[in-house]
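Secondary and tertiary structure notes
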Amino acid sequence: MPTPPVALVMGSQSDWSTLKRSADILKELGIAYQSKIISAHRTPDRLWNFGTSAETQGFKVIIAGAGGAAHLPGMLASKTRLPIIGVPIQTQTLSGIDSLYSIVQMPRGYPVATMAIGETGAVNAALMAASILATFDTTVAETLSAWRTELSNSIPEHPIDS
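Residues numbered from 1 in each chain as written. Predicted model: local features only at pLDDT ≥ 70, side-chain atom pairs only at ≥ 80, totals over all residues. Heavy atoms only, no water.

1. Section: the packing of aromatic side chains
- For the structure shown, the criterion picks out one aromatic pair.
- Seen from the ring of Trp48, Lys79 lies directly overhead, with NZ or CZ sitting 3.5 Å from the centre. (Phe/Tyr/Trp six-rings, centres within 6.5 Å; stacked < 30°, edge-to-face > 60°. Lys NZ or Arg CZ within 6 Å of the ring centre and 35° of its normal.)

Here it is, written out as structure tokens:
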């Protein structure tokens, strides 16, 4: 079975409730993905092995969600040339601001495309992954264009009294 184009990785099981939104959009767009739990702090060998082999495995884009210290996206960026899309997970302590700052403040040379905190960020991460894939996959390009047209058509032109 070939490697899907998108890896959807998270720091812990609790992050799945947010990143499931990425998975839902990828499914809706017909884009295959593989999901994994990779903790930057608790499973560093798993992170290292995945990061150094993701490109040779055949992945094209990595969506990485993490909360709190949120080092997963940045550490993956240090181990692969693949595009990394970071999703800050909303936390109880600082509402995800800690996650956002950790992901967005990468040192020069290790970029992470950082999305909004929480579910909106997870949805946009999947759409960003689709946009990246659409640059070389006409099927994804057509599907994404149709999805965006449908979204536009779902917005009424005039307000409706409720």
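Let's pick the thread back up.
2. Structural notes on the packing of helix H2 (residues 44–57) against helix H3 (residues 72–79)
- Where H2 contacts H3, the axes come no closer than 8 Å and their chain directions differ by 50 degrees. The pairing of H2 with H3 is recorded here as oblique in orientation. Classified by chirality, the crossing of H3 by H2 is right-handed. Contacts between H2 and H3 involve Leu47, Trp48, Phe50, Gly51 and Thr52 from the former and Leu72, Met75, Leu76 and Lys79 from the latter. (Axes fitted to C-alpha atoms, helices over the stretch in contact; angles between N-to-C directions. Helix = DSSP H or I, 4+ residues; strand = E, 2+ residues; numbered from the N terminus. Parallel < 35°, antiparallel > 145°, perpendicular 65-115°, else oblique. Left-handed = near helix turned anticlockwise from the far one by under 90°. Contact = heavy atoms within 4.5 Å.)

3. Quick notes on the sheet that holds strand S1 (residues 6–10)
- Spatially, five strands are ordered S2-S1-S3-S4-S5 in an open sheet, and the strand pairing comes out parallel. Sheet topology places strand S2 (33–37) and strand S5 (113–114) at the edges, where each strand pairs with a single neighbour.
- Pairing between S1 and S2: five bridges, direction parallel. The partner of Ala7 across the bridge, within S2, is Gln34.
- Where helix H5 (residues 119–134) meets the sheet, it contacts S1, strand S3 (61–66) and strand S4 (84–88), and its direction lies at approximately 170 degrees from that of S4. (Pairing = 2+ DSSP bridges.)

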